[in-house]
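Spelled out from the first residue to the last, the chains are:
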Amino acid sequence: MPSSPTPATALVFSPPSSPSYSSPPHLTFIPTSRRTLTPNMWRRLPARRLVSALLPSASAPLPHPLHRALLLSSAHLAPSSPPHPWRRQFASSSAAVAAEHVSSEEVDEHVIEEIARGEPSNSQAPAPAPAAGQEVGREHRRDRRSGRGKHSAEFMAAHGFGYYKYAMLRRRQIQIETEAWEQAAKEYRELLADMCEQKLAPNLPYVKSLFLGWFEPLRDQIIAEQELVGERGARASHARYFNMLPADMMAVITMHKLMGLLMTGSGDGSVRVIQAACQIGEAIEHEVRIHKFLDKTKKKSNKDEDRDEEVGDSDIAKEQERLRKKVTDLMKKQKVRQVRNIVKKQDNSQPWGQDAHAKVGSRLIELMIETALIQSPASQSADGPPDIRPAFTHEMRTVAREHQYDKGAHLFLPSYVMRTHGARQQREAVKRVPREQMQSVFEALNTLGSTKWRVNKRVLSIVDRIWSSGGRLGDLVDRADIALPDKPDTEDEDKLKKWRYSLKAAKKENSERHSQRCDVELKLAVARKMKDEEGFYYPHNLDFRGRAYPMHPYLNHLGSDLCRGVLEFSEGRQLGKSGLHWLKIHLANLYAGGVDKLSYDGRVAFTENHLEDIFDSADRPLEGKRWWLKAEDPFQCLAVCINLSEALRSPSPETTVSHIPVHQDGSCNGLQHYAALGRDKLGAIAVNLVAGEKPADVYTGIATRVVEIMKNDALKDPATDPDAARARLLVDQVDRKLVKQTVMTSVYGVTYVGAREQIKRRLKERGVIADDSELFSASCYAAKVTLTALGEMFQAARSIMNWLGDCAKIKTSLQVLTLQRETDKVMVKRQRTAFPPNFVHSLDGSHMMMTAVACKRQGLNFAGVHDSYWTHACDVDTMNKILREKFVELYDTPILENLLESFEKSFPQLKFPPLPERGDFDLKDVLESPYFFN
C-alpha cells in the first residue's frame, strides 16, 4: 500500500552557522545508474517522529531501538508510490501539550501502525533468521512486487547478471558504502557523548557563552512557574514535581541535557520533543533524589549529635556520613550510575514514572524556548540592528518525497549530479533545468560509471616493493624528511638571514613530503583492498562547467601515474592486428621525452628498437636495467611493457587478451576548441585540426619563439638592460617542458603571476639556479617572454577570449555566471578572467560526453579524462572515428550565436559587443586529421 507523509514533532537548534558534513564517496561493485532521477523514483526520508509513537507502555512494549532503526533504513530500498509533495511547519504554543496527550490508547495506535507498515512489535516472538538463499529469494519476490523489480530486471538484462549475482553484489555494495560511514558516525557519537559525560561540551567557549546568556532568564521563568504551581488550587499536571529542586539547578540541568541531546542526536541539529522531555524529566528526578539524600545525610551540629547519642543512633549517623562522602567522591568522578544505585537504596519514595518525566520535561523545554535567544553574525551590517532570534524552535515536520538531483551512483551515500560546493545559486540552476534536457547528461554519466575496472596486481606488487624500500623511484616521494640546516655560529646578519630562509624552505619541503606520503598511502590502501575483486566501478558526476569526475577521491583514473598504472579494464579483449599496433604507439607515448611527437610510424619504430629493454622491464623491473623508470609515466609504461611482452612472446600475438586502456589525447585541446570556434585556419594547423605528416607541436613552436626572443635580448648590454643577463642564463634551459604548462593554461586565463610560478617550479626541478632570489627574477623574465610569444602566435584565439571576457564584464547582476562568491554582486575582474576558460571547459566536457555515449552504443568500453579518451587497444580506430565525428557535430551548431542570443534574451536592456570575425577553416578537415587526438 502507498505510504503517506508522516508528521514528526522535532526540536531544532538554530546556531548562527551550521557546517554541513558529507560522507566520502566509494567505489561501487555494480554499474552506476542515476535511477532515482527518473520520474518513477522518489526520495524517502525517515519520518515517524510522532510523540504518541514514542512513549512505551507496559501493555504494548515498543521494538528495540536498533531494530526500529533497521526498519527505517530498509524503507529506503523500495520506494512506493509518491504522495503529493507537501510540507508544513508551525511553531508550537505549548511544548507541554505533547506530553498531556500521551495515553495508552495512542500507544496501541502505534502498534497498529507498526503492523500496517509491516513492522513487528515485541509482542511477537522473533522469527528465526532465514538462510542466505531464502533471504535472496525473499528479496527477489519483494523486488518483483515493487518498482525496484522492473529497474533491476532492466539492469540485469543490460549487464548480463543473474538475479542472485546482482543481489550478492548489491549487498556488498551496501557494506562498502556504509562501513566507513558507520565507523565515522560511531567515532563521532562516542566523542560527543564523552564530551557531554565529562562536562566538556558546556566548557567550550561558544557554548559557555550561550549558557551565560540563557541561565538567568530561564532561572527567573522557573521561579515564576514554581510560585504559580505552588498556589492553592493549581491544577497543572507537573505541579507536584516542580518545587522539589531549586530553580537554578533545574535551569542548569535543562540547558546541559538539551544541548547534549542536540549534539549527540541525529546529526541534523534536531531532537524529538518527547525524547528530550523524558530525558530532562528523568534527570530532574535523579537530581531530586540526590538532593534529598545529601540533605538527609548532611553533617549535623553538636547538639544534634548529642541527641543522636542519647537515642543510640550514632552508628546510623556514621553510616550516613560514610555514604554521603562516598556519593560526593563519586559525583566528583562523574560516576553517575553508581551514585544513582546508592541513592536509590536510601530512598523509599515511589518513582515518578515516564508520564511525569514527559510533563516536567515538556514544561521546562517550553520555558527554554521562550527565554533562550541567539544572535547570528552571518548577516550583520555595521549600521543595522542586531539579528536576535530564538535559539530553539518547536515545529511539526511532514516529510514528503520529491524529485531530487541527489540520488544515484550509491545506494545510501549522497551522490549529487553536480558538485555545487554549497553554492545556493548553482543548486537552484540545476533544479531549473528541464528533466528532458538532463537525460543526455544522465546517459553520459551512466556510461562513464558503467566501465568496469580492476587492480593490476603485478604493477601494484612493484609499487609496494618500492614504497617499502623508502620510495624515491617512479616519481614516488621520499619517505624520509630532509635534514634541517644547523644554525650558524655567527653574528653576521646576512648569514643568519640565509639560514632562516633555508630553514623555512626545508620545513616547507618536509611538509610537502608529508602531504605526498599521506596521498600515496591513501591510494595504496584502496588498491590493496580492491586488488582481489573481479571488478568495480567509478560513479561520476559533474562540476558546474559540465566536466565529469569520478566521485571516489583517491584511487581513480584521473589521478597520477601511480593510480593509472595500477588500474586497468576488468574486461579483456584480444589485441587483433590494429590493437598490437596501437599498444606499441601507446608505449612510445608513455615514454615521451619527445618520442610522442614523432609520427605513428616513428613511435612504432621506437618501441620495436627497444624490445630488449621492454622484455627486461617486464621480467626484472627492479633487478634489471630499469628502462621503464626513464619514462615520463613510469608505472603506466611498466604495465604496457608487461602486456606487450606477453603478446610478443605468444605464438599468436594478435589473440593476446589486453586489459590496458589506450589513450588518445587532444593536442592542446583548449586551443583546438578556440580554433574551431573562430574557424581559424592558422590556429587549426598549429593544433592538428588539419592533417599533417607528423603531429604539429604547439609547445615546441612556442619554445622556439621564446628562444628567439631570448637570443635577441642576450645580445644587449647587461649594464643597461638587466634582461640580458637573465636571457644568457636561461636560453639553454628553454624547451617544450618549460613552457608547456603556461601554454596549456593560457587559454584558461592564466595570469602573469600564475605563469611565473609554473616556470619557477620547472626551473627549480632542474636545480640549475641555486640562489632563490636569482631563481625568482629569472622566472619573472621567462614568464613575460612566454606570454609575449603566445600573444603573437594565437591572435584569433585571443579575439574570441576577449569577446567572451567583454560579455562577462558588463556591469549587471549576472547571478548565474557568478561562481567565485555567493553574492548578487559581480566582481568584474574575476568575472572577465573566469568566464572564457569556464566556457571552453564546458565545450570539452560536452565533446567528451557526446563521445562516451556514442562509444557505448558501439559496444566500446570508454573512459575519459577531460581531453584524453581511453578504450581497449583493438577499439582505438573505432573510437578515433567517433570522437572526430562528434567534434564536427558539436561545432556545426552556432555556439557563439546561441550564446549571444541567450545573453540578449536574458538581459534585453543591455548591449553586448558584436561577435568577432571568423575565418574560413573547414571543420570537415578534422575528420581526416590523424593527429587531432593522438
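Along each chain, numbering runs from 1 in the same order as the chain's sequence is written. Per-residue local features are limited, in this predicted model, to residues with pLDDT of at least 70; the limit for side-chain atom pairs, both in listing and counting, is 80 or more; totals at the level of whole chains, interfaces and linings are taken over all residues. The side-chain quantities take in all heavy atoms of the structure and omit both hydrogens and water.

### A word on the overall build of the protein
Counted only if it meets this: The way it works is that DSSP assigns letters per residue, a run of H or I at least four long becomes a helix, a run of E at least two long becomes a strand, and they are numbered from the N terminus. Note on classification: 1.4 Å probe, protein chains only; a residue is buried when its accessible area is under 20% of the maximum for its type, exposed when over 50%, partly exposed between these limits. In what follows, residue pairs with any heavy atoms lying within 4.5 Å of each other are defined as contacts. Note on areas: Shrake-Rupley with a 1.4 Å probe; residue coverage comes only from the protein chains shown.
Along the protein, the regular secondary structure elements total 34 helices and 15 strands. Taking all 934 residues of the protein together, the buried fraction comes to 47%. Considering only contacts in the protein between residues 6 or more positions apart, those separated by 24 or more positions represent 76%. Looking at the protein as shown, the accessible area adds up to about 47,800 Å², and 52% of this sits on carbon and sulfur atoms.

### A look at the packing of aromatic side chains
This is how it is decided: In summary, the pairing rule links any two rings of Phe, Tyr or Trp, Trp by its six-membered ring, whose centres are within 6.5 Å, and it sorts them by plane angle into stacked for under 30 degrees, edge-to-face for over 60 and tilted for everything else. Each ring is checked for a lysine NZ or an arginine CZ that lies within 6 Å of its centre and within 35 degrees of its normal; such an atom marks a charge sitting over the ring.
All chains considered together, the criterion is met by 21 aromatic pairs. With 6.4 Å between their ring centres and 70° between their planes, W453 and W870 make a pair best called edge-to-face. Linking W453 in strand β6 (residues 452-455) with W870 in strand β15 (residues 868-872), this pair joins segments that are 417 residues apart in sequence. Neither residue differs from the other here; W453 and W870 are each classed as buried. Looking at R545, its charged tip hangs above the ring of F544, at a distance of 5.6 Å from the centre. Positioned above the aromatic ring of F615 is the side chain of R649, whose terminal nitrogen or guanidinium carbon lies 4.6 Å from the ring centre.

### Quick notes on the environment of L294
When you line up the elements, L294 lands in helix α10 (residues 273-296). Along the sequence, L294 and K325 sit 31 residues apart, while their C-alpha atoms lie 9.6 Å from each other.

### Section: helix α26 (residues 698-714)
Put simply, the rule reads: A helix is expected to reach a length of 1.5 Å times the quantity of its residues less one.
The terminal C-alpha atoms of α26, which comprises 17 residues, lie 24 Å apart, in line with the 24 Å expected from a rise of 1.5 Å per residue. Three or more residues of α26 are buried, namely V698, Y699, I702, A703, V706, V707, I709, M710, D713 and A714. Residues of α26 that are buried make contact with α24 (669-678), α25 (681-686), α27 (722-730), α28 (736-746) and α30 (772-793).

### Here we look at the sheet that holds β6
Which entries qualify depends on this criterion: Strand pairing is defined by DSSP finding a minimum of two bridges between the two strands.
Judged by pairing direction, the sheet is antiparallel, and its three strands sit side by side in the order β7-β6-β10 without closing on themselves. Two strands bound the open sheet, and with one partner strand each, they are β7 (536-537) and β10 (567-569). As defined by bridge partners, β6 adjoins β7 across two bridges and the pair is classed as antiparallel. Among the inter-strand pairings, K452 is bridged to a residue of β7, identified as Y537.

### Details of the confidence of the model for the protein
To keep things clear, this is the line we draw: Values of pLDDT, ranging from 0 to 100, describe the predictor's confidence in every residue of the model.
Looking at the protein as a whole, its pLDDT mean stands at 75, while 70% of the residues score no less than 70. pLDDT under 50 marks residues 13-25. Its contacts with residues more than four places away, or in other chains, come to 26 contacts. Considering only residues more than four positions removed or in separate chains, one finds that residues 812-822, a stretch of pLDDT under 50, has 30 contacts.

### Topic: the environment of N643
Relative to the helices and strands, N643 is located in helix α23 (residues 634-649). Counting along the chain gives 17 residues from N643 to I660, while the straight-line C-alpha distance between them is 7.7 Å. Each residue touching N643, except ones within four places of it in the same chain, is listed here: L583, T656, V657, S658 and I660.

### Observations regarding the sheet that holds strand β13 (residues 661-665)
So the rule is basically this: Simply put, an axis is a line fit to the C-alpha atoms, just over the touching stretch for a helix, and the angle between two N-to-C directions goes from 0 to 180 degrees.
The sheet built from three strands is open, its strands ordered β13-β15-β14 with antiparallel pairing. Edge strands, defined here as strands with exactly one partner in the open sheet, are β13 and β14 (863-865). When the angles between neighbouring strand axes are averaged without regard to direction, this sheet yields 25°. In this sheet, β15 lies alongside β14 in antiparallel orientation, the contact comprising three bridges. Directly across from G864, in β15, lies its bridge partner Y869.

### Some thoughts on the side chain of H659
Operational definition: Any pair of nitrogen or oxygen atoms within 3.5 Å is treated as a polar contact; in protein, a donor-acceptor pairing is required on top of that, and neighbouring residues in sequence qualify only through side-chain atoms on both sides.
Mapped onto the fold, H659 is located in the loop between β12 (657-658) and β13. Residue H659 is classed as buried on the basis of its relative accessible area, which comes to 16%. Reaching out from H659, the side chain makes a polar contact with the side chain of R454 at a distance of 3.2 Å. Leaving out residues up to four positions away in the same chain, H659 has contacts with R454, E568, F569, S570, E571 and G572.

### A look at the side chain of Q226
Locating Q226 in the fold gives a position in helix α7 (residues 205-230). Setting aside anything within four residues of it in sequence, one finds Q226 in contact with F242, N243, L245, P246, A247 and M250.

### Side note on the nonpolar core
Spelled out, the test is: Side-chain atoms within 4.5 Å are what join buried Ala, Val, Leu, Ile, Met, Phe, Trp, Tyr and Cys residues into a set we call a nonpolar core.
Residues L689, I702, M710, L804, F839 and Y891 are the most contacted members of the largest nonpolar core, which totals 89 residues. In terms of residues, this core owes the most to one element, helix α32 (residues 828-857), which gives ten residues. In this structure F839 touches L677, L804, I895, L896 and L899, once residues within four positions along its chain are discounted. If you look at the next biggest cluster of nonpolar residues, it comprises 61 residues, including A527, V595, L629 and Y931.

### As for the pairing of β13
When a strand is regular, its side chains alternate between the sheet's two faces. Most of β13 is tucked away, with four of its five residues classed as buried. Bridging between β13 and β15 involves five bridges; their strand directions are antiparallel. The partner of V662 across the bridge, within β15, is T871.

### Observations regarding the pairing of β15
Counting buried residues in β15 gives five out of five residues, a clear majority hidden from the surface. Where β14 hands over to β15, the hairpin turn is made up of two residues, of which H866 adopts a positive phi near 65°.

### So, the pattern of salt bridges
As a reminder of what qualifies: Criterion for a salt bridge: a side-chain nitrogen of Lys or Arg within 4 Å of a carboxyl oxygen of Asp or Glu.
Counting across every chain of the model gives 42 salt bridges. Between D220 and R219 there is a salt bridge, and its shortest N-O distance comes to 3.3 Å. For D220, a relative accessible area of 40% gives the class partly exposed. Judged by its relative accessible area of 26%, R219 falls in the partly exposed class.

### Quick notes on unusual backbone geometry
For D475, which is not glycine, the phi dihedral falls at a positive 65°. Residue placement: D475 occurs in the loop between α17 (457-468) and α18 (493-530). Even without a glycine there, the phi angle at H866 is positive, about 65°. Considering the arrangement of structural elements, one finds H866 in the loop between β14 and β15.

### Section: the packing of α17 against α18
Let me state the cut-off plainly: When the near helix sits turned anticlockwise from the far one by under a right angle, the crossing is termed left-handed; a clockwise turn instead gives a right-handed crossing. Residues are sorted three ways: Asp, Glu, Lys and Arg are charged, Ala, Val, Leu, Ile, Met, Phe, Trp, Tyr, Cys and Pro are nonpolar, and all the rest, Gly among them, are polar.
In the contact formed by α17 and α18, the axes pass within 12 Å of each other and the chain directions differ by 145°. Handedness of the crossing formed by α17 with α18: left-handed. Facing L460, V463, D464 and W467 of α17, the residues of α18 in contact are R517, V520, E521, L524, A527 and R528. A class-by-class count of the residues in the contact of α17 with α18 yields six nonpolar, no polar and four charged.

### Overview of α30
For α30, spanning 22 residues, the distance from its first C-alpha to its last is 32 Å, which sits close to the expected 32 Å at 1.5 Å a residue. L775, A778, S779, C780, Y781, A782, A783, V785, T786, A789 and L790 are the residues of α30 that are buried. Buried residues belonging to α30 abut α26, α27, α28 and α29 (752-766).

### Focus on the state of the cysteines
Our working rule: For the purposes of this analysis, a disulfide is any pair of cysteine sulfur atoms at a distance within 2.5 Å.
As enumerated under the stated definition, the model contains zero disulfides in all. No disulfide involves C641; its nearest neighbouring cysteine sulfur is the one of C637, lying 4.1 Å away. With relative accessibility at 0%, the residue C641 sits in the buried group.

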